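Each chain is listed here by its residues.
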Amino acid sequence: MIGTTGLTGTTGTRIAAVGHYQPAEVLTNEDLAALVDTSDEWIRSRVGIRTRHIAGPDEPVDELAAHAAAKALAAAGLTPADIDLVLVATSTAVDRSPNTAARVAARLGVPRPAAMDVNVVCAGFTHALATADHTVRAGAATRALVVGADKMSDVTDWSDRTTCVLVGDGAGAAVVEACPPGTPAGIGPVLWGSVPEMGHAVRIEGTPPRFAQEGQSVYRWATTQLPPLARQTCERAGVAPEELAAVVLHQANLRIIEPLAARIGAVNAVVARDVSESGNTSAASIPLALSKLVEHGTVTTGDSVLLFGFGGNLSYAGQVVRCP
């Protein structure tokens, strides 16, 4: 159970429901081997990915986000009129304005919401979730739709075998609301930060924008620097790592996820490994993986789950949440 340590408001918040969406087209390792010099064995042994979903040219990122958000709303038993804040974490929006959040709100028919995009790349969803938590606790919003959505296929050089084997498209969403009076907080305090001087390690830049990274630098940073930060996140929530029911890390690479999960000390937790079938979906990866755990019954209502995003900008953000 998440404690109240670090919560400054009089009322905590919770995730009322989650939802996810992936495009229909599935790209296999064998498909990629026909495009670049690679193989199923090479990809599986280095990153643990088997398949990924790829959106078509007529599926913009706000459409992916809206599908996931609609599922989360339905699971919560709410309508668009119940939402007054829409936050979309994405780094692959094509247009600057209207922002993706406004387009998602328009697709769903959310009346007069505050609508903002959050661009912290792979740590975007956990940053946006913390922002929603703070906003609702401060009384500036009643219910928030928090979405992580990315169309990484739009920013990928499909002739570069070091990056094209990694990415996928998708979206995941959560509805955040105040906890009923007298109930414990369902979203624990956030631990967040960045290493801005190493922002070059993961990039989406240029014209047209292209995804690039320094793989070894990211691997060393993630596997050595992040475990104590993840444990500190648990401490802030008043939850011991061994009490966690699940650990949902940014789905970057199994060679990062598995050592990081082991070093956190979450010995009784299910470790999300959705990267194997979805690839790296950037800001979508954590809510997508969490929604699948809920949908499959792997975690149940009230379970403590560590969410921890990391990557672009060498930013990170994590919190312990209670499963809806």
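Relevant structure appears above.
Predicted model only: the values in this text are computed from it and were never measured.

Conventions adopted
- Residues numbered from 1 in each chain as written.
- Predicted model: local features only at pLDDT ≥ 70, side-chain atom pairs only at ≥ 80, totals over all residues.
- Heavy atoms only, no water.
- Pairing = 2+ DSSP bridges.
- Helix = DSSP H or I, 4+ residues; strand = E, 2+ residues; numbered from the N terminus.
- Contact = heavy atoms within 4.5 Å.
- Axes fitted to C-alpha atoms, helices over the stretch in contact; angles between N-to-C directions.
- Parallel < 35°, antiparallel > 145°, perpendicular 65-115°, else oblique.
- Left-handed = near helix turned anticlockwise from the far one by under 90°.
- Nonpolar A, V, L, I, M, F, W, Y, C, P; charged D, E, K, R; others polar.

Draft legend 1. Fine view of the sheet that holds strand β8 (residues 191-194). If you walk across this open sheet you meet the five strands as β8-β14-β13-β11-β12, and the pairing is mixed. Bordering the open sheet on either side are β8 and β12 (270-271), each of which pairs with just one other strand. With seven bridges connecting them, strand β13 (residues 304-310) and strand β14 (residues 315-322) associate as antiparallel partners. Within the sheet, the bridge partner assigned to Val 305 lies in β14 and is Val 321. In the packing of helix α8 (residues 254-264) onto the sheet, contacts are made with β11 (246-249), β12 and β13, and the angle to β11 comes to roughly 135°. Contacts from helix α10 (residues 285-295) reach β11, β12 and β13 within the one sheet, and its direction differs from that of β11 by about 150°.

Draft legend 2. Expanded view of the packing of helix α7 (residues 215-237) against α8. At a minimum axis distance of 9 Å, the contact between α7 and α8 shows a crossing angle of 30°. One way to sum up the angle between α7 and α8 is to call them roughly parallel. The element α7 and its partner α8 pack so that their crossing is right-handed. Here Val 218, Tyr 219, Ala 222, Thr 223, Thr 224, Leu 226, Pro 227, Ala 230 and Arg 231 of α7 lie close against α8, whose contacting residues are Arg 255, Ile 256, Pro 259, Leu 260, Arg 263 and Ile 264. Partitioning the contact of α7 with α8 into residue classes produces ten nonpolar, two polar and three charged.

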